[in-house]
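# Structural overview for review
Single-letter residue listing:
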Amino acid sequence: MIEKLVETVNGWLWSPFLIAFIVCCGLYFSIRTRFLQIRHVKEMIRLVTMGKSSEAGVSSFQALTMSLSGRIGVGNVAGTATGIAYGGPGAVFWMWVITFIGAATAYVESTLAQIYKEEQDGQYRGGPAFYIEKGLGWKWFAVVIAAAIILSMAVLMPGIQANSIADSFSNAFGIPKLVTGIFVIAVLGFTIFGGVKRIAKTAEIVVPFMAVVYLLVAIAIIAANIEKVPDVFGLIFKSAFGADQVFGGILGSAVMWGVKRGLYANEAGQGTGAHPAAAAEVSHPAKQGLVQAFSIYLDVFLIVTATALMILFTGQYNVINEKTGETIVENLKGVEPGAGYTQAAVDTLFPGFGSAFIAIALFFFAFTTMYAYYYIAETNLAYLVRSEKRGTAFFALKLIFLAATFYGTVKTATTAWAMGDIGLGIMVWLNLIAILLLFKPAYMALKDYEEQLKQGKDPEFNASKYGIKNAKFWENGYKRWEEKKEKAL
């Protein structure tokens, strides 16, 4: 019964209208900013390595790695596989498209998070709830989106990460999903209940390493199948437009699943990437907006593309017509859509290594993503609860988060992904409406940044100059944290 309800709600949220809305918003932001995602690539790369942290905020690079730890997760490995399973090879092209136009969306939401951030307990905090309340003045909308993000991050989306870990461990080591579920929530619980944070710190070190190794494995597989390059890329482009004879009947699914899985991987428009963006110590909001726009390029054009090419070059995938239930391609009999495709792909070149490697990589990718989910949920709960009951609220949130994670490990991948898609859909609807209405401050910040660059300056922002209200941090210009501290003393 729960599965049927999840399927129905998912269908309502992910209507063709939402796909059109996402694409139109991304195109609108791209056109209005004169395709900053192309014009400012060089500046994005320069900014990634600049900036310093302070006692209140992290550096641009640290904010980038924080957002990447949330982005590089199951969506890059299992999510890409499910996109191919239900949308065919053409879904990969639409993942690229939504990422390209989504870079402008990522700029807008991250710049807004910087403009309307505030300092709480010696730390910078911000995100959709903050910029909606301060920018639009709609407290009720801010409360709604904060509650929606908590629901999505703590209840609906953790199950995807946990399910993929359990699925890959079952394929690689034969470990029952129940056992994996208990292990995952034990490790996760040890971390989020405030014990020693060394597990999270270890994961932060291991994830970049795993990402590099993952890319090297993908390059090895592509090199071993180099003669297939024209055929694979031809298949992707033909399938994307319904020109391939085999996949021509699922063109709508290719677009739908490409956009859905592309969004899940790059997070542009969800509002989740805005939280780490607000935590950065920068002299101008546009700086972090550009850095965050670049982060989704790193995420999708490297990790997601690596996954897709490994699967397609080795032919280790099935394709199912979601409407009719008909199996169009069946190269992996009995393998459920998800990490199993990627494991089988790696096994073609490294027999016996692929399943174990993907299982371990997924564990670290998914674990840090779940940790990021909890941080975002807690940030929004802190926005809603500003009383002495906050400690009790945080405790309850931890229990709910762990229960949702465990539930995800023992359910089917289809149900786990459907629940995650509901969470994703809710956040995208609410956040896109908000940033569409709040585009003007982000646009003014970009123009101001570009003007100062032309003058050879290191841009600094002054919200008062543009009449932007409630941007208290930027009133009368940027003041470095150290200067504010000295003034306070």
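Residues numbered from 1 in each chain as written. Predicted model: local features only at pLDDT ≥ 70, side-chain atom pairs only at ≥ 80, totals over all residues. Heavy atoms only, no water.

### Considerations on the overall build of the protein
The condition that has to hold: Put simply, DSSP marks the helices as runs of H or I at least four residues long and the strands as runs of E at least two long, and each gets a number from the N terminus on. Working definition: with a 1.4 Å probe on protein chains only, accessible area under 20% of the residue-type maximum means buried, over 50% means exposed, and in between means partly exposed. Note on definitions: a residue-residue contact is assigned when non-hydrogen atoms from the two residues lie within 4.5 Å. A 1.4 Å probe and the Shrake-Rupley method give the accessible areas. Residues count as covered only by the protein chains that appear here.
Of regular secondary structure, the protein possesses 22 helices and four strands. Out of the 489 residues in the protein, the part that is buried amounts to 60%. Counting only contacts in the protein whose residues sit at least 6 apart along the sequence, the fraction spanning at least 24 positions is 81%. Carbon and sulfur atoms provide 65% of the accessible area of the protein, an area that totals close to 19,200 Å².

### Observations concerning helix H21 (residues 439-454)
So the rule is basically this: Take the residue count of a helix, subtract one, and multiply by 1.5 Å to get its expected span.
Between its terminal C-alpha atoms H21 stretches 23 Å, which fits the 22 Å expected from 16 residues at 1.5 Å a residue. Within H21, burial applies to Phe439, Pro441, Ala442, Met444, Ala445, Leu446, Asp448, Tyr449, Glu450 and Gln452. Phi turns positive, to about 80°, at Gly456, one or two residues after H21.

### Some remarks on the pairing of strand S4 (residues 327-330)
Stated formally: Any two strands with at least two DSSP bridges between them are considered paired.
Note that strand S3 (residues 318-320) and S4 share three bridges and pair antiparallel. Within S4, the position partnered with Ile320 by the bridge is Thr327. Linking two consecutive strands that pair antiparallel, namely S3 and S4, is a turn of six residues; a positive phi of about 80° is found at Gly325 within it.

### Re the packing of helix H2 (residues 16-32) against helix H7 (residues 90-115)
To keep things clear, this is the line we draw: The angle between two axes is taken between their N-to-C directions and runs from 0 to 180 degrees, where each axis is a line fitted to C-alpha atoms and a helix contributes only its stretch in contact. Angles below 35 degrees are treated as roughly parallel, those above 145 as roughly antiparallel, those between 65 and 115 as roughly perpendicular, and all remaining angles as oblique. In this scheme the crossing of two helices becomes right-handed for a clockwise turn of the near helix relative to the far one and left-handed for an anticlockwise turn of less than a right angle. Nonpolar residues are Ala, Val, Leu, Ile, Met, Phe, Trp, Tyr, Cys and Pro. Charged residues are Asp, Glu, Lys and Arg, and all others, Gly as well, are polar.
Relative orientation of the contacting elements H2 and H7 amounts to 65°, with a least axis distance of 8 Å. The pairing of H2 with H7 is recorded here as roughly perpendicular in orientation. The crossing of H2 and H7 is left-handed. Here Ile22, Val23, Gly26, Leu27, Phe29 and Ser30 of H2 lie close against H7, whose contacting residues are Ile98, Ile101, Ala104, Thr105 and Val108. Tallied by class, residues from the contact of H2 with H7 come to eight nonpolar, three polar and no charged.

### Observations regarding the packing of aromatic side chains
For clarity, the cut-off: In this analysis, rings of Phe, Tyr and Trp, with Trp reduced to its six-membered ring, are considered paired at centre separations within 6.5 Å, and the interplanar angle assigns stacked below 30 degrees, edge-to-face beyond 60, and tilted for intermediate values. Here, a charge over a ring is recorded when the distance from Lys NZ or Arg CZ to the ring centre is within 6 Å and its angle to the ring normal is within 35 degrees.
According to the stated counting rule, one finds 33 aromatic pairs in the structure shown. Each member of the aromatic cluster is reached from another via a ring pair, and the members are Phe93, Trp94, Trp96, Phe233, Phe237 and Phe241. If you follow Lys117 out to its NZ or CZ, it ends over the ring of Tyr124, 4.0 Å from the centre.

### Here's the deal with helix H4 (residues 41-48)
Our working definition: Our arc is simply the arc of the directions from the helix axis toward the C-beta atoms.
For H4, the full list of buried residues reads Glu43, Met44, Leu47 and Val48. The buried residues of H4 occupy an angular sector of 140° when the element is viewed end-on, so they sit on one face.

### Re unusual backbone geometry
A positive phi angle, near 50°, is found at Phe35, a position not held by glycine. Relative to the assigned elements, Phe35 resides in the loop between H2 and helix H3 (36-39). Overall, Phe35 belongs to the partly exposed group, its relative accessible area being 30%. The backbone phi angle of Asn470 is positive, close to 65°, even though this residue is not glycine. Mapped onto the secondary structure, Asn470 falls in the loop between H21 and helix H22 (481-488). Look at Asn470 and you get partly exposed, because its relative accessible area is 41%.

### With respect to the nonpolar core
Most often, soluble globular proteins keep nonpolar side chains buried together rather than apart. So the rule is basically this: Residues enter a nonpolar core if they are buried and are Ala, Val, Leu, Ile, Met, Phe, Trp, Tyr or Cys, with the set joined through side-chain atoms within 4.5 Å.
By size, the foremost hydrophobic cluster in this structure holds 155 residues, and its most contacted members are Trp14, Ile22, Tyr107, Tyr131 and Tyr317. When neighbours within four sequence positions are excluded, Tyr107 is seen to be in contact with Leu36, Ala286, Gly289, Leu290, Ala293, Ala442, Ala445 and Leu446.

### Some details on the packing of helix H8 (residues 128-136) against helix H18 (residues 354-384)
Two measures define how a pair of helices packs: the angle their axes make with one another and the distance between the axes. Contact geometry for H8 and H18: axes closest at 10 Å, N-to-C directions at 35°. Judged by residue contacts, Ala129, Phe130 and Glu133 of H8 engage Thr379, Asn380 and Tyr383 from H18. Among the residues forming the contact of H8 with H18, the class breakdown is three nonpolar, two polar and one charged.

### As for the pattern of salt bridges
Rules: The salt bridge definition used is simple: a Lys or Arg side-chain nitrogen within 4 Å of an Asp or Glu carboxyl oxygen.
Taken as a whole, this structure holds nine salt bridges when the rule is applied. The shortest N-O distance in the salt bridge between Glu450 and Arg34 comes to 3.6 Å. Within this pair, whereas Glu450 is found in helix H21, its partner Arg34 is found in the loop between H2 and H3, the two being separated by 416 residues in sequence. A salt bridge links Lys134 to Glu118; its shortest N-O distance comes to 3.0 Å. One end of the pair, Lys134, is in helix H8; the other, Glu118, is in strand S1 (residues 118-120), with 16 residues separating them in the sequence. Among the residues examined, Lys134 registers a relative accessible area of 19% and is labelled buried. In this structure, a network of salt bridges that share partners links the residues Arg34, Arg39 and Glu450.

### Some details on the confidence of the model for the protein
Basically, it comes down to this: For every residue, the pLDDT score states the predictor's confidence, bounded by 0 at the bottom and 100 at the top.
When pLDDT is averaged across the protein, the result is 83; 89% of the residues are at 70 or more. H21 holds the highest mean pLDDT among the elements of the protein, 95, whereas H22 holds the lowest, 48. Within the model, pLDDT remains below 50 along residues 485-489, and this stretch shows one contact once partners closer than five positions in the same chain are excluded.

### A short note on the environment of Asn76
By the secondary structure assignment, Asn76 is in helix H6 (residues 74-87). Here Asn76 falls in the buried class, since its relative accessible area comes to 0%. When the C-alpha positions of Asn76 and Val300 are compared, they lie 7.4 Å apart, and in sequence the two are 224 residues distant.

### What to know about the side chain of Thr405
Within the secondary structure, Thr405 is located in helix H19 (residues 390-410). In this structure, Thr405 is in contact with Pro158, Ala162, Val184, Ile185, Leu188 and Met370, ignoring residues within four places of it in sequence.

### What about the side chain of Gln343?
The condition is simple: Whenever a nitrogen or oxygen atom comes within 3.5 Å of another N or O atom, the pair is scored as a polar contact, on the condition that within protein one atom can donate a hydrogen and the other can accept it, and that pairs from neighbouring residues in sequence are kept only if both atoms are in side chains.
With respect to the element layout, Gln343 can be found in helix H17 (residues 339-349). Within the structure, the side chain of Gln343 is placed 3.2 Å from the backbone oxygen of Ser168, a separation counted as a polar contact. Discounting residues that sit within four places of it in the chain, Gln343 has contacts with Ser168, Asn171, Ala172, Gly354, Ser355, Ile358 and Ala359.

### What to know about a nonpolar patch on the surface
Put simply, the rule reads: Like charges within 9 Å and nonpolar side chains (Val, Leu, Ile, Met, Phe, Trp, Tyr) within 5 Å are joined into patches, using only residues over 30% in relative accessible area that form no salt bridge.
Side chains of Trp138, Trp140, Val144, Ile433 and Leu437 sit close together on the surface and give an oily, nonpolar patch of about 490 Å² of accessible area. Taken together, the elements giving at least two residues each to the nonpolar patch come down to helix H9 (139-156) and helix H20 (413-437). In this fold, Ile433 is placed in helix H20.

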